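Observations on chain architecture
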Amino acid sequence: MSLRHALLGLLSQGPASGYDLLKTFDISLANVWPATQSQVYAELGRLASTGLVEVTSEGPRGRKEYAVTEAGRAELRRWLTETDPGPLARRSEMLLRVFFLGEVSHEQAGAYLRRQAELGEERIGKLAPLREMISAMDDGLSVYGRLALEWGMRFSAMQRDWALWAEQEIERLPGDRGCERRPEPGAGQETDRT
(Lines give C-alpha, C1' and ligand atoms only; values in the text may rest on other atoms or scores of the structure.)
Protein backbone atom coordinates (compact mmCIF):
# COMPACT_ATOMS: atom_id res chain seq x y z
CA MET A 1 0.00 0.00 0.00
CA SER A 2 1.26 3.44 -0.79
CA LEU A 3 0.60 6.69 0.98
CA ARG A 4 -0.67 7.97 -2.37
CA HIS A 5 -3.50 5.45 -2.43
CA ALA A 6 -4.27 5.91 1.25
CA LEU A 7 -4.77 9.64 0.68
CA LEU A 8 -6.86 9.04 -2.43
CA GLY A 9 -9.01 6.63 -0.42
CA LEU A 10 -9.53 9.11 2.40
CA LEU A 11 -10.29 11.96 -0.01
CA SER A 12 -12.78 9.78 -1.87
CA GLN A 13 -14.92 10.08 1.28
CA GLY A 14 -14.96 13.88 0.98
CA PRO A 15 -12.70 16.95 0.80
CA ALA A 16 -10.18 17.44 3.60
CA SER A 17 -7.15 19.50 4.54
CA GLY A 18 -3.75 18.01 5.25
CA TYR A 19 -4.43 18.52 8.96
CA ASP A 20 -7.77 16.69 8.69
CA LEU A 21 -6.09 13.83 6.85
CA LEU A 22 -3.40 13.53 9.53
CA LYS A 23 -6.07 13.31 12.24
CA THR A 24 -7.89 10.62 10.27
CA PHE A 25 -4.64 8.71 9.86
CA ASP A 26 -4.07 8.84 13.59
CA ILE A 27 -7.47 7.41 14.48
CA SER A 28 -8.02 5.01 11.63
CA LEU A 29 -4.98 4.11 9.54
CA ALA A 30 -2.00 4.36 11.89
CA ASN A 31 -2.61 0.69 12.70
CA VAL A 32 -1.87 -0.35 9.11
CA TRP A 33 -0.05 2.56 7.50
CA PRO A 34 1.36 5.33 9.68
CA ALA A 35 2.31 8.63 8.09
CA THR A 36 4.09 11.75 9.24
CA GLN A 37 3.03 15.33 8.61
CA SER A 38 5.84 15.92 6.12
CA GLN A 39 4.96 12.74 4.20
CA VAL A 40 1.28 13.66 3.94
CA TYR A 41 1.88 17.23 2.78
CA ALA A 42 4.56 16.20 0.28
CA GLU A 43 2.31 13.51 -1.18
CA LEU A 44 -0.65 15.91 -1.42
CA GLY A 45 1.58 18.22 -3.46
CA ARG A 46 2.53 15.37 -5.79
CA LEU A 47 -1.09 14.25 -6.15
CA ALA A 48 -2.15 17.79 -7.02
CA SER A 49 0.65 18.19 -9.57
CA THR A 50 -0.43 14.99 -11.34
CA GLY A 51 -4.10 15.95 -11.34
CA LEU A 52 -5.27 13.17 -9.01
CA VAL A 53 -6.47 15.69 -6.42
CA GLU A 54 -7.28 19.38 -6.60
CA VAL A 55 -7.29 22.24 -4.15
CA THR A 56 -10.93 23.20 -3.63
CA SER A 57 -10.45 26.01 -1.12
CA GLU A 58 -7.72 27.96 0.63
CA GLY A 59 -7.95 29.46 4.06
CA PRO A 60 -5.87 31.42 6.54
CA ARG A 61 -2.24 30.47 7.20
CA GLY A 62 -1.98 28.59 3.91
CA ARG A 63 -4.64 26.00 4.81
CA LYS A 64 -5.73 24.12 1.71
CA GLU A 65 -8.62 21.72 1.32
CA TYR A 66 -8.19 18.95 -1.22
CA ALA A 67 -10.70 16.85 -3.13
CA VAL A 68 -10.11 13.78 -5.25
CA THR A 69 -10.60 14.24 -9.00
CA GLU A 70 -12.18 11.73 -11.37
CA ALA A 71 -8.66 10.73 -12.42
CA GLY A 72 -7.83 10.19 -8.76
CA ARG A 73 -10.91 8.00 -8.26
CA ALA A 74 -9.98 6.01 -11.35
CA GLU A 75 -6.45 5.49 -10.00
CA LEU A 76 -7.81 4.39 -6.62
CA ARG A 77 -10.19 1.89 -8.28
CA ARG A 78 -7.38 0.59 -10.52
CA TRP A 79 -5.14 0.07 -7.50
CA LEU A 80 -7.93 -1.67 -5.57
CA THR A 81 -8.96 -4.04 -8.34
CA GLU A 82 -6.01 -4.52 -10.69
CA THR A 83 -2.93 -4.70 -8.51
CA ASP A 84 -1.98 -7.34 -6.00
CA PRO A 85 -0.72 -6.20 -2.64
CA GLY A 86 2.91 -6.87 -1.99
CA PRO A 87 3.88 -9.67 0.36
CA LEU A 88 3.47 -9.13 4.06
CA ALA A 89 6.52 -7.47 5.51
CA ARG A 90 9.25 -10.06 5.73
CA ARG A 91 11.55 -7.98 7.90
CA SER A 92 10.93 -7.87 11.61
CA GLU A 93 13.48 -6.38 13.93
CA MET A 94 11.55 -7.88 16.83
CA LEU A 95 11.93 -11.41 15.45
CA LEU A 96 15.54 -10.82 14.44
CA ARG A 97 16.26 -10.02 18.08
CA VAL A 98 14.37 -13.15 19.17
CA PHE A 99 16.60 -15.21 16.92
CA PHE A 100 19.66 -14.02 18.84
CA LEU A 101 18.27 -14.07 22.39
CA GLY A 102 20.59 -16.97 23.13
CA GLU A 103 23.32 -14.35 23.52
CA VAL A 104 21.75 -12.99 26.72
CA SER A 105 20.64 -14.61 29.96
CA HIS A 106 17.34 -16.46 30.17
CA GLU A 107 16.14 -13.70 32.49
CA GLN A 108 16.97 -11.01 29.92
CA ALA A 109 15.40 -13.04 27.11
CA GLY A 110 12.25 -13.55 29.19
CA ALA A 111 12.10 -9.82 29.98
CA TYR A 112 12.38 -8.99 26.28
CA LEU A 113 9.54 -11.37 25.40
CA ARG A 114 7.42 -10.09 28.30
CA ARG A 115 7.87 -6.56 26.92
CA GLN A 116 6.67 -7.72 23.50
CA ALA A 117 3.55 -9.16 25.17
CA GLU A 118 3.02 -5.83 26.95
CA LEU A 119 3.36 -3.92 23.67
CA GLY A 120 0.73 -6.16 22.07
CA GLU A 121 -1.58 -5.53 25.03
CA GLU A 122 -0.96 -1.77 24.84
CA ARG A 123 -1.91 -1.74 21.14
CA ILE A 124 -5.11 -3.62 21.94
CA GLY A 125 -5.86 -1.02 24.62
CA LYS A 126 -5.36 1.81 22.13
CA LEU A 127 -7.48 0.17 19.45
CA ALA A 128 -10.39 -0.92 21.67
CA PRO A 129 -11.91 2.59 22.01
CA LEU A 130 -11.75 2.97 18.23
CA ARG A 131 -13.70 -0.28 17.87
CA GLU A 132 -16.48 1.16 20.02
CA MET A 133 -16.46 4.50 18.19
CA ILE A 134 -16.52 2.92 14.72
CA SER A 135 -19.22 0.37 15.59
CA ALA A 136 -21.72 3.22 16.03
CA MET A 137 -21.05 4.55 12.53
CA ASP A 138 -22.28 3.07 9.27
CA ASP A 139 -20.57 4.99 6.46
CA GLY A 140 -18.38 3.11 3.97
CA LEU A 141 -15.10 4.17 5.53
CA SER A 142 -16.24 2.99 8.96
CA VAL A 143 -17.53 -0.36 7.74
CA TYR A 144 -14.30 -1.24 5.97
CA GLY A 145 -12.20 0.56 8.55
CA ARG A 146 -13.69 -1.79 11.14
CA LEU A 147 -12.34 -4.74 9.15
CA ALA A 148 -8.83 -3.26 9.16
CA LEU A 149 -9.14 -2.40 12.85
CA GLU A 150 -10.13 -5.97 13.64
CA TRP A 151 -6.99 -7.20 11.89
CA GLY A 152 -4.94 -4.88 14.10
CA MET A 153 -6.68 -6.14 17.24
CA ARG A 154 -6.17 -9.79 16.29
CA PHE A 155 -2.56 -9.28 15.20
CA SER A 156 -1.77 -7.52 18.48
CA ALA A 157 -3.47 -10.32 20.45
CA MET A 158 -1.46 -12.89 18.49
CA GLN A 159 1.80 -11.06 19.28
CA ARG A 160 0.86 -10.90 22.97
CA ASP A 161 -0.10 -14.57 23.13
CA TRP A 162 2.97 -15.70 21.19
CA ALA A 163 5.33 -13.65 23.37
CA LEU A 164 3.82 -15.09 26.56
CA TRP A 165 4.17 -18.61 25.14
CA ALA A 166 7.77 -17.92 24.07
CA GLU A 167 8.62 -16.60 27.53
CA GLN A 168 7.36 -19.87 29.03
CA GLU A 169 9.50 -21.81 26.57
CA ILE A 170 12.58 -19.87 27.75
CA GLU A 171 11.71 -20.62 31.39
CA ARG A 172 11.76 -24.35 30.63
CA LEU A 173 15.29 -24.28 29.22
CA PRO A 174 17.94 -25.98 31.35
CA GLY A 175 20.76 -23.84 32.72
CA ASP A 176 21.56 -20.35 31.54
CA ARG A 177 24.15 -20.41 28.82
CA GLY A 178 23.29 -17.06 27.31
CA CYS A 179 25.97 -15.06 29.04
CA GLU A 180 28.80 -17.50 28.47
CA ARG A 181 31.50 -15.92 26.39
CA ARG A 182 32.14 -17.89 23.27
CA PRO A 183 35.78 -18.15 22.30
CA GLU A 184 36.88 -16.04 19.40
CA PRO A 185 37.90 -18.00 16.30
CA GLY A 186 41.48 -19.10 16.77
CA ALA A 187 41.50 -18.21 20.48
CA GLY A 188 43.41 -20.63 22.67
CA GLN A 189 45.53 -21.85 19.81
CA GLU A 190 49.24 -21.34 20.08
CA THR A 191 50.78 -19.26 17.41
CA ASP A 192 54.13 -20.05 15.93
CA ARG A 193 56.24 -16.92 16.05
CA THR A 194 59.63 -18.02 14.84
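Residues numbered from 1 in each chain as written. Predicted model: local features only at pLDDT ≥ 70, side-chain atom pairs only at ≥ 80, totals over all residues. Heavy atoms only, no water.

**Comments concerning the pattern of salt bridges**
Side chains bearing opposite charge may pair, as long as their charged atoms lie close to each other. This model, assessed by the stated rule, comprises 12 salt bridges. Two residues, Arg-4 and Glu-43, come together in a salt bridge whose shortest N-O distance is 3.2 Å. Placement of Arg-4 in helix H1 (residues 3-11) and of Glu-43 in helix H3 (residues 37-49) is noted, with a sequence separation of 39 residues between them. What makes Arg-4 partly exposed here is its relative accessible area of 23%. Between Arg-172 and Glu-169 there is a salt bridge, with its nearest N and O atoms 3.0 Å apart. In this structure, a network of salt bridges that share partners links the residues Arg-4, Glu-43 and Arg-46. (Salt bridge = Lys/Arg side-chain N within 4 Å of Asp/Glu carboxyl O. Helix = DSSP H or I, 4+ residues; strand = E, 2+ residues; numbered from the N terminus. Buried < 20%, exposed > 50% of the residue type's maximum accessible area, 1.4 Å probe, protein only.)

**Quick notes on the side chain of Ser-156**
On the secondary structure map, Ser-156 appears in helix H7 (residues 140-171). For Ser-156, a relative accessible area of 2% translates into the label buried. Engagement of the side chain of Ser-156 in a polar contact is seen with the side chain of Arg-123, the distance being 3.5 Å. Within polar-contact distance, the side chain of Ser-156 engages the backbone oxygen of Gly-152 at 2.9 Å. (Polar contact = N/O pair within 3.5 Å; in protein donor to acceptor, adjacent residues only side chain to side chain.)

**What to know about the sheet that holds strand S3 (residues 64-68)**
In a beta sheet, neighbouring strands pair by backbone hydrogen bonds and run either parallel or antiparallel. The strand order across the open sheet formed by 3 strands is S1-S3-S2, and the pairing between neighbours is antiparallel. Edge positions in the open sheet fall to strand S1 (16-17) and strand S2 (53-58), since each of these has one partner strand only. The strands touched by H1 are S1, S2 and S3; relative to S3, the strand with the most contacts, the crossing angle is about 90 degrees. (Pairing = 2+ DSSP bridges. Contact = heavy atoms within 4.5 Å. Axes fitted to C-alpha atoms, helices over the stretch in contact; angles between N-to-C directions.)

**Quick notes on unusual backbone geometry**
In this structure, Arg-61 is a non-glycine residue whose phi angle is positive, near 55 degrees. Mapped onto the secondary structure, Arg-61 falls in the loop between S2 and S3. Exposure remark for Arg-61: the relative accessible area of 85% places this residue in the exposed category.

**With respect to the pairing of S3**
The pairing of S1 with S3 spans 2 bridges and is classified as antiparallel. Paired with Ser-17 across the two strands is Glu-65, which belongs to S3. Bridge analysis of S2 against S3 gives 5 bridges, and the strand direction is antiparallel. Paired with Val-53 across the bridge in S3 is Val-68.

**Some details on the environment of Thr-50**
Secondary-structure assignment places Thr-50 in the loop between H3 and S2. Note on Thr-50: relative accessible area 47%, which makes it partly exposed. In this structure, the C-alpha to C-alpha distance between Thr-50 and Gly-72, residues 22 residues apart in sequence, is 9.2 Å. Of note is the side chain of Thr-50, whose polar atom sits 3.1 Å from the backbone oxygen of Leu-47.

**Description of the packing of helix H2 (residues 18-29) against H3**
Helices that pack against each other are described as a pair by the angle of their axes relative to one another and the distance between those axes. Interhelical geometry of H2 versus H3 gives an angle of 130 degrees and a closest axis separation of 10 Å. Looking at the two axes, H2 sits oblique to H3. The chirality of how H2 crosses H3 is right-handed. Counted together, Gly-18, Tyr-19, Leu-21, Leu-22 and Phe-25 of H2 and Gln-37, Val-40, Tyr-41 and Leu-44 of H3 form the full contact between these two elements. (Parallel < 35°, antiparallel > 145°, perpendicular 65-115°, else oblique. Left-handed = near helix turned anticlockwise from the far one by under 90°.)

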